[in-house]
Amino acid sequence: MEFKNLKLSKKTTLFIWVIIIAFIIAAPSILPVFRLNLLGRYLSLAIVALGVDLIWGFTGLLSLGQGIFFALGGYCAAMYLQITSSSEFPNNIPEFFGLYGVDNLPFFWEPFRSPIFSLFAIWVIPALVAGMLGFLVFRNRIKGVYFSILTQAALLVFFNFFNGQQKLINGTNGLKTDVTVLYGQMVGSESMQRMFFWITALLVIAAWFFSKWVVKGRFGNILIGIRDDEPRVRFTGYNPVLFKTIIFSIAGGLAGISGALYTVQSGIVSPQFMTVPFSIEMVIWVAVGGRGTLLGAILGAVFINYAKSLVSEALPASWMFIQGGLFILVVTALPEGVLGWIQGEGPRNMLQRFGLKRKIETYPSLEIKNKTEGLKNE
Amino acid sequence: MNKNTNSLLSLENITVSFEGFLALNDLNLSLKKGELRAVIGPNGAGKTTFLDVITGKVKPTKGGVFFKGKSLIGRKEHKIARLGVGRKFQSPRVFENLTVKENLEISVSTPKSPLNLINKKIKNDQLEEIEHLMKVINLSKKINSKAGSLSHGQKQWLEIAMLLGQKPDLMLVDEPVAGLTDEETDLTADLLKSLSGENTVVVIDHDMEFIRRLDSNVSVLNQGTVLCEGTMDTIQNNKKVIDVYLGRPEE
């Protein structure tokens, strides 16, 4: 099975990239504001999908709790925006505190007055939380299904905790960002949103290159080794716990960045980011796009979400069926995802089925005669 | 404590109990540096558990394992590997989704820390080592093929090369010739023989002809303990061994 067939032909890669970059450049002028904003959001989701691909596609860790890190990043961004825009409210603290009779800013809000701290917090805090959680889990050699269940349980713990903390972070209502002010402009304004779109597009590409750098070479090979045969890696003298902790932490950091970008473009962060279905959807994007192919994760996230919004507009409530069907289709027919299928033997097999391409020889070297004959006939 | 100081590896009174079942029962064994040792025994004699104990996969219920004078008990697998214990598994376990070269890179790379691997290119002498290894196993032409596309015999050899690439002081080789052709078996025997002297090698196998070709000391395991030790000829004339192992008609 060609699981990690990263090498698209140069032409194909270039072609795909030209389309993507042209589209990003042209998007603000051809798309209505509403659509542009949606695209920006979906691009930010591509970053969390890259992280899922790193831990699942390459390292074999199926995390169902990436929503934790996604939400943490979102909360970090929202806290900064809220606190810097709270000067006209009583006690100079964000408005919602008034609802619960809180007069003093909780201590952990303080550092978020600093833009630099917040900029780092967006990815460092999720990465640290992921690193700590990961280290404890991996050190105890919890893997496979147990790892997935554990991450989902952690997600529920975070979800319930955030839901219940009205006095700290506005609980279930979440933190709004669209009416906050950044550099003298409303975050929800059109020009600000266009800005965020560009930033998101740039960061997706940066995250893609970063992920590529991580998985290329020996480090990435060890990750694949861990996925395919972890004990073998261990007996070769490597400590899988370290590698897994690092990659899980990287995925957490990417999720944080993704969550922050998603928050500023959707206008709110709330515990809804930490619901179980949302984290499972992240896995579906990667599965459909093609795990082990980084580009597949990006395309999966953007296209599935775009399809989701288009379908939901046309046929409300039908999306869940379509998404479920898509997932079943991929699992049964395209286990390597759409991009994995294209890169592998998929297209050739299909053409063969329709008689449009010769079958590949079992022993090509023994069938030279047939081949030359075939060429003559053509 | 470690009684025999000039031995590279010694197992002392090792007992491994799996919920009451004694996989190893008061096993004693020691290896000198540079020795080639064959370990045989009927199915369930504890051959693989014996390797598991040395490499840290299984913790013995009782007893001690000493390698270069250090106790291995309680050490993690990767630490034991770094001390210089290399292991080849029963069925070839190579990384099938990586190329032959990438497989060998994993084995020869040092230091084995994540930071080193992500930051730095592989060293030149390590690349030379890889080329050398590929010549030894005759896979130079397949350098960029996926290991999964190799034949069974080639995988066995690749795994042996990966073992060599780790430059272990002690090589534990579990059934290296299972599924190989006679010719490949002979080549493997010669390769292992040529390694001893400089390296200490433990070979576990069923194949009597192969063991005979190794021309080494043989330890016979039965029911988790060493039944007898000696050259192939002594072993084959030992009554106890004949009873439990050799005497059985082979189908």
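Summarised in this report is the structure supplied together with it. (Residues numbered from 1 in each chain as written. Chains lettered and ligands numbered in written order. Predicted model: local features only at pLDDT ≥ 70, side-chain atom pairs only at ≥ 80, totals over all residues.)

### With respect to the interface of chain A and chain B
For an interface, size is often stated in terms of accessible area lost upon the parts coming together. Each partner contributes to the interface: chain A provides 21 residues, whereas chain B provides 22 residues. At the level of elements, helix 9 (217-235) and helix 10 (240-266) of chain A are the ones that each hand at least two residues to the side of chain A that touches chain B. Counting residues per element, the side of chain A that touches chain B draws most heavily on helix 9 of chain A, which supplies 11 residues. Of the residues assigned to the side of chain A that touches chain B, the class counts are 10 nonpolar, five polar and six charged. (Contact = placed C-beta atoms within 7 Å. Helix = DSSP H or I, 4+ residues; strand = E, 2+ residues; numbered from the N terminus. Nonpolar A, V, L, I, M, F, W, Y, C, P; charged D, E, K, R; others polar.)

### A short note on the pairing of strand 10 (residues 225-230) of chain B
All names here are of chain B. Where strand 9 (residues 217-222) lies against strand 10, five bridges are found, and the strand directions are antiparallel. Residue Val218 lies in a different strand from strand 10, and its bridge partner there is Gly230. Two successive antiparallel strands, strand 9 and strand 10, enclose a turn made up of two residues, where Gln223 displays a positive phi of approximately 45 degrees. (Pairing = 2+ DSSP bridges.)

### A look at the packing of helix 9 of chain A against helix 10 of chain A
All names here are of chain A. For the pair helix 9 and helix 10, interaxial distance at closest approach is 10 Å and the crossing angle is 155 degrees. As judged from the angle between their axes, helix 9 and helix 10 are roughly antiparallel. The two elements helix 9 and helix 10 cross, and the hand of that crossing is left-handed. Of the residues in helix 10, those touching helix 9 at Ile222, Leu223, Ile226, Glu230, Val233 and Arg234 are Pro240, Phe243, Lys244 and Ile247. Split by residue class, the contact of helix 9 with helix 10 holds seven nonpolar, no polar and three charged. (Axes fitted to C-alpha atoms, helices over the stretch in contact; angles between N-to-C directions. Parallel < 35°, antiparallel > 145°, perpendicular 65-115°, else oblique. Left-handed = near helix turned anticlockwise from the far one by under 90°.)

### Points about the environment of Ile118(B)
Structurally, Ile118(B) can be placed in helix 4 (residues 114-119). Residue classification places Ile118(B) among the partly exposed residues on the basis of 18 C-beta atoms within 10 Å. Leave out the neighbours within four places in its chain, and Ile118(B) touches Val214(A) and Phe219(A). (Buried ≥ 20, exposed ≤ 12 C-beta atoms within 10 Å, placed from the backbone.)

### Focus on helix 7 (residues 182-195) of chain B
Residue and element names in this part refer to chain B. With 14 residues, helix 7 extends 20 Å from end C-alpha to end C-alpha; this agrees with the ideal 20 Å at 1.5 Å per step. Those residues of helix 7 that fall on the buried side of the exposure criterion are Thr185, Thr188, Ala189 and Leu192. Within helix 7, the buried residues cover an arc of 100 degrees as seen down the axis, which keeps them to one side. More than 90 degrees from the buried face of helix 7, the exposed residues found are Glu183, Asp190 and Ser194. Buried residues in helix 7 make contact with strand 3 (36-40), strand 7 (170-174), strand 8 (200-204) and helix 8 (208-214). (Expected span 1.5 Å × (residues − 1). Arc of directions from axis to C-beta.)

### Observations concerning the sheet that holds strand 7 of chain B
Residue and element names in this part refer to chain B. What the six strands build is an open sheet, ordered 6-7-8-3-9-10; its pairing is mixed. Only two strands of the sheet have a single partner each, and these edge strands are strand 6 (85-88) and strand 10. Averaged over neighbouring strand pairs, the angle between their axes works out to 20 degrees when direction is ignored. Here five bridges tie strand 7 to strand 8, and the two strands are oriented parallel to one another. Within the sheet, the bridge partner assigned to Val173 lies in strand 8 and is Val203. Sheet contacts for helix 7: strand 3, strand 7 and strand 8; angle to strand 8, the most-contacted strand, approximately 150 degrees.

### Quick look at the nonpolar core
Residue and element names in this part refer to chain A. Counting residues in hydrophobic clusters, the biggest one holds 161 residues, and the most contacted among them are Ala46, Ala49 and Ile298. Counting residues per element, this core draws most heavily on helix 2 (residues 33-58), which supplies 15 residues. In contact with Ala49, other than residues within four places in its own chain, are Met282, Trp285, Val286, Ala297, Ile298, Gly300 and Ala301. (Core = buried A, V, L, I, M, F, W, Y, C linked by C-beta atoms within 7 Å.)

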